[in-house]
Amino acid sequence: MTSISHCFTTLRQQGQCALIPFITAGDPDMETTAAALQALDANGADIIEVGVPYSDPLADGPVIQAAATRALQKGVQLDQVLAVIQSVRAQVKAPIVLFTYYNPILNRGIDTFVNQATMAGVQGLVVPDLPLEEMDVLLKPATAAGLEVVLLVAPTSSSHRIAAIARQSQGFIYLVSVTGVTGVRSQIQNRVKDLLSEIRHMTQKPIGVGFGISDPEQARQVKQWGADAVIVGSALVKRLATGSPSEGLQSTIDLCRQLKQALINSGEDLP
Amino acid sequence: MISTPLTPLSPTGFTQLPDSHGRFGRFGGKYVPETLMPALAELETAYYLYRSHPDFVAELQQLLRDYVGRATPLYFAERLTHYYQRPDGTGPQIYLKREDLNHTGAHKINNALGQVLLAKRMGKQRIIAETGAGQHGVATATVCARFGLDCVIYMGIHDMERQALNVFRMRLMGARVHPVEAGTGTLKDATSEAIRDWVTNVETTHYILGSVAGPHPYPMIVRDFQAVIGKETRQQCLEKWGGLPDILLACVGGGSNAMGLFHEFIEEPTVRLIGIEAAGEGVMTHKHAATLTLGRIGVLHGAMSYLLQDNHGQVLEAHSISAGLDYPGVGPEHSYLKDAGRAEYYSITDDQALAALQQLSQLEGIIPALETSHGIAYLETLCPTLADGTKVVINCSGRGDKDVQAVSQRLQLY
């Protein structure tokens, strides 16, 4: 399976900006999650971020909180999330990044967790409540298991912190585009442009921008500012949970295609 | 980052914690989104800068005296003591540290006042806080009114019902009370929502966290601002009997009133420290908040500590009749003191707490908060085991006015 880093190397050679859709596993149900992973992969996703439902998602806004709550009510836990990833792994070419809060990892045991995630076919991890200072415990076991651990940079991060995070982050650097939690925003702050250029001067690593990007226009904007990847979560999660599972899936695919269309170079069309 | 130890190094080493990483042994730390990390560092720096600054200390002390009404008395509970005397007339002597006599009716104002003075110096014009019983919310609304700051209090909808009086008090003082519907609508959910607000407004807002929980430096800052309770107690014990107390007893939800009383005596090996958690409907029923008794190590609201969680690492809903103890986590320093064997922790059910509330009301004419009643209820178990003359100091952490309406629905009085 392609690593996240390798995926970005290829995209860079093609001059492409990656699309990273996020879905909450188990919402509206596991069958839809399995179908969505394959559909997103077939409709423009370069990397897919899969959220593990958690009872206290501090970094998430109302849309993803609600999705996690619904999934938990259906009994979706880490085991089921890993199982669904494993079940579609052979059909999905995009690397998969698992987005999970730290307590479910700690509860399972870090070594067990990273091994199980690798076995299921996960390529990377985002742990939003594990900042640089607390990351050491996860970084070594994850790397040893072959997982890339993506660290987050926020608009509030100092230059000094950004440099340290950029050094440690693997796969790409996740630039949080808003001072806030996940969720649809009407516009992307100009500050993101400056942050992108600031990070660009510190590292060669790819930079993905997420939190608040919801439509093709915003995606195009962030790409023009120099992002290597655009991460879209809440807007897709909301669509996937609206209407019947098949309606939700179709509407999710539509947005995925529109986002990809906005990101590919002018003159090209979706394959 | 500045990492000056809080107090001079000591042989047993308890009071030099947390370390420079915000750790009490394996507990504590900063498990928060990156967005908050700079704000936590800013707060830590401001705290180390101001806590010993003469202007800050003078302003805090003056307000604690003239506005809060400190020092609070150490009161000899004569009839309560008599109640627990054995037939031969021997038994422990029970004292109440009267934090219930503070302005706003609980110990929470000690910390709210300290933090608002910090916020003012950090130039923050907007204050947010979480509240369970509403005592911390009221204390925060109070200090915000006093200093003319915008104030938003996050409170679970269930708690807003059972502590309606405190909701009104907060609104009366100009605070906005933001209902939190998520989860069980209690303290855990209110805290999560307050943290999300802080993530969003961190550049203009100071979060006055109300317990010795949350990410570093909060467990340290809140403890230090509450430590006035123990400092006064030491002085008052000296004046009353020329020695130390033998046992300190306090209820523990997040654990701020207990840490406030314990901290001064942690290096005194003869002083027993006892914390009482809420056993709700019983520790075998799954409807409890006995985190230290039954929890496993986990991470909640930015700190590693004991935590009520299921087999998958999902945080469980706690239960207690007392909104202030209805929390599945606990301050990291308590987890440390438990593991180190320095403090003991037991639990008391809703019914036992209700009985203690009536007992203190009738024996001493003091209506304690439901939270406080948990500590008092443990006397029933503790007193028969104690030698004659053992000096027990209970943190009478809050008054029960806020609970009277809810309690009246549970009790038939004639």
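The sections below set out a description of the structure shown in this document. All values reported here derive from a predicted model rather than from experimental measurement.

**Some words on the sheet that holds strand β13 (residues 343-349) of chain B**
Residue and element names in this part refer to chain B.
Then step 1. In space, the six strands of this open sheet follow the order β3-β4-β14-β9-β10-β13, with mixed pairing throughout. What marks the edges here is a single partner per strand, and that holds for β3 (74-76) and β13. With strand direction ignored, the average angle separating the axes of adjacent strands in the sheet is 25°.
Then step 2. Contacts from helix α14 (residues 350-364) reach β3, β4 (93-97), β10 (272-280) and β13 within the one sheet, and its direction differs from that of β13 by about 95°.

**What to know about the interface of chain A and chain B**
Then step 1. The interface of chain A with chain B comprises 33 residues on the first partner and 34 residues on the second.
Then step 2. The largest contributions to the chain A side of the interface with chain B come from L58, N107 and E134 of chain A, which together make up 23% of the buried area.
Then step 3. Remark: the boundary between chain A and chain B carries four salt bridges.
Then step 4. Among the salt bridges present, the one from R161 of chain A reaches E34 of chain B, with a minimum N-O distance of 2.7 Å.
Then step 5. Put simply, chain A and chain B have 20 residue pairs in polar contact (both at pLDDT 80 or more) between them.
Then step 6. Looking at the side of chain A that touches chain B, the elements with two or more residues in it are α3 (62-73), α5 (102-108), β5 (148-153) and α8 (159-168) of chain A.
Then step 7. Ranked by residue count, the leading element in the side of chain A that touches chain B is α5 of chain A, at five residues.
Then step 8. Split into classes, the residues belonging to the side of chain A that touches chain B amount to 17 nonpolar, nine polar and seven charged.

**Description of the pattern of salt bridges**
Then step 1. The final tally for this structure, using the stated rule, is 34 salt bridges over all chains.
Then step 2. The closest approach of N and O atoms between D27 of chain A and R70 of chain A, which form a salt bridge, is 2.8 Å. Taken together, the residues D27 of chain A in the loop between β1 (18-24) and α2 (30-42) and R70 of chain A in helix α3 connect sequence positions 43 residues apart.
Then step 3. Using a relative accessible area of 3% as the deciding quantity, one classes D27 of chain A as buried.
Then step 4. Since its relative accessible area comes to 34%, R70 of chain A is described here as partly exposed.
Then step 5. Of the charged contacts in the structure, one is a salt bridge between D41 of chain A and K93 of chain A, with a shortest N-O distance of 3.9 Å. Residue D41 of chain A is found in helix α2, and its partner K93 of chain A is found in the loop between α4 (78-88) and β3 (96-99); the two are separated by 52 residues along the sequence.
Then step 6. For K93 of chain A, a relative accessible area of 59% puts it in the exposed group.
Then step 7. If you follow the salt bridges from partner to partner, you end up with R70, K97, E99 and E232 of chain B in one network.

**So, a nonpolar patch on the surface**
All names here are of chain B.
Then step 1. A contiguous nonpolar surface patch, about 300 Å² in accessible area, is contributed by V283, M284 and L294.
Then step 2. Turning to its location among the elements, M284 is positioned in the loop between β10 and α12 (291-294).
Then step 3. M284 gets classed as exposed once you look at its relative accessible area, which sits at 73%.

**Looking at empty space enclosed by the protein**
Empty space among the atoms can be located by rolling a probe the size of a water molecule over them.
Then step 1. Evaluation of the coordinates by the stated rule reveals eight cavities of 30 Å³ or more.
Then step 2. Taken as a whole, the largest cavity spans an internal volume of roughly 390 Å³.
Then step 3. Forming the walls of the largest cavity are 34 residues, and the residues nearest its centre are K108, L187, S211, G254 and G324 of chain B.
Then step 4. Broken down by secondary-structure element, the contributors of at least two residues to the lining of the largest cavity are β5 (126-131), α5 (135-147), α8 (187-201), α11 (256-262) and α15 (370-377) of chain B.
Then step 5. A breakdown of the residues in the lining of the largest cavity according to their chemical character gives ten nonpolar, 20 polar and four charged.
Then step 6. Approximately 120 Å³ is the volume attributed to the second largest cavity.
Then step 7. Forming the boundary of the second largest cavity are 18 residues, of which I64, T182, F211, G233 and S234 of chain A lie nearest the centre.
Then step 8. When the residues that make up the lining of the second largest cavity are grouped by side-chain class, the tally is ten nonpolar, six polar and two charged.

**Quick notes on unusual backbone geometry**
Then step 1. Put simply, D27 of chain A and P28 of chain A share a cis peptide bond, and its omega is 5°.
Then step 2. Of note, P28 of chain A is situated in the loop between β1 and α2.
Then step 3. Of note, the bond from H216 of chain B into P217 of chain B is cis; its omega dihedral lies within 30 degrees of zero at 10°.
Then step 4. Positive phi outside glycine occurs at T104 of chain B, with the angle close to 80°.
Then step 5. In this fold, T104 of chain B is placed in the loop between β4 and α4 (108-121).

**With respect to the environment of R108 of chain A**
Then step 1. On the secondary structure map, R108 of chain A appears in helix α5.
Then step 2. Other than its neighbours up to four places away in sequence, R108 of chain A contacts L78, D79, F113 and Q116 of chain A.

**As for the side chain of T142 of chain B**
All names here are of chain B.
Then step 1. Structurally, T142 is set in helix α5.
Then step 2. The buried category is assigned to T142, whose relative accessible area is 1%.
Then step 3. With near-sequence residues (within four places) excluded, T142 lies in contact with Y67, H103, T104, I109 and M173.

**Concerning the layout of surface pockets**
All names here are of chain B.
Then step 1. Empty space within the largest pocket amounts to approximately 700 Å³.
Then step 2. Lining of the largest pocket is provided by 25 residues; of these, Q61, D224, A227, V228 and K231 occupy positions nearest its centre.
Then step 3. Those elements that place two or more of their residues in the lining of the largest pocket are α2 (54-68), α9 (218-226) and α10 (228-241).
Then step 4. Among the elements that take part in the lining of the largest pocket, α2 stands out by supplying seven residues, more than any other.
Then step 5. Its residues assigned to classes, the lining of the largest pocket shows ten nonpolar, six polar and nine charged.
Then step 6. Of the pockets and cavities examined, the second largest pocket occupies roughly 550 Å³.

**Some details on the packing of aromatic side chains**
Residues and elements named next belong to chain B.
Then step 1. Tallied over the full model, the rule gives 19 aromatic pairs over all chains.
Then step 2. Residues Y47 and F225 carry aromatic rings whose centres are separated by 5.8 Å and whose planes lie at 85° to one another, so their mutual orientation is edge-to-face. Residue Y47 is found in helix α1 (residues 37-50), and its partner F225 is found in helix α9; the two are separated by 178 residues along the sequence.
Then step 3. Classification of F225 as buried rests on a relative accessible area of 8%.
Then step 4. Aromatic ring contacts, followed pair by pair, group Y47, Y48, Y50, F56 and F225 into a single cluster.

Rules used in this analysis
Residues numbered from 1 in each chain as written. Chains lettered and ligands numbered in written order. Predicted model: local features only at pLDDT ≥ 70, side-chain atom pairs only at ≥ 80, totals over all residues. Heavy atoms only, no water. Pairing = 2+ DSSP bridges. Helix = DSSP H or I, 4+ residues; strand = E, 2+ residues; numbered from the N terminus. Axes fitted to C-alpha atoms, helices over the stretch in contact; angles between N-to-C directions. Contact = heavy atoms within 4.5 Å. Buried area = accessible area lost by both parts, 1.4 Å probe. Salt bridge = Lys/Arg side-chain N within 4 Å of Asp/Glu carboxyl O. Polar contact = N/O pair within 3.5 Å; in protein donor to acceptor, adjacent residues only side chain to side chain. Nonpolar A, V, L, I, M, F, W, Y, C, P; charged D, E, K, R; others polar. Buried < 20%, exposed > 50% of the residue type's maximum accessible area, 1.4 Å probe, protein only. Patch = residues over 30% accessible without salt bridge, like charges linked within 9 Å, V, L, I, M, F, W, Y side chains within 5 Å. Areas by Shrake-Rupley, 256 points an atom, 1.4 Å probe, with all protein chains shown as cover. 1 Å grid on protein atoms, 1.4 Å probe; cavity = no way out; pocket = protein on both sides within 12 Å on 5 of 7 lines; lining within 4 Å. Points joined across faces, edges and corners; volume = space filled by probe spheres on them. Phe/Tyr/Trp six-rings, centres within 6.5 Å; stacked < 30°, edge-to-face > 60°.

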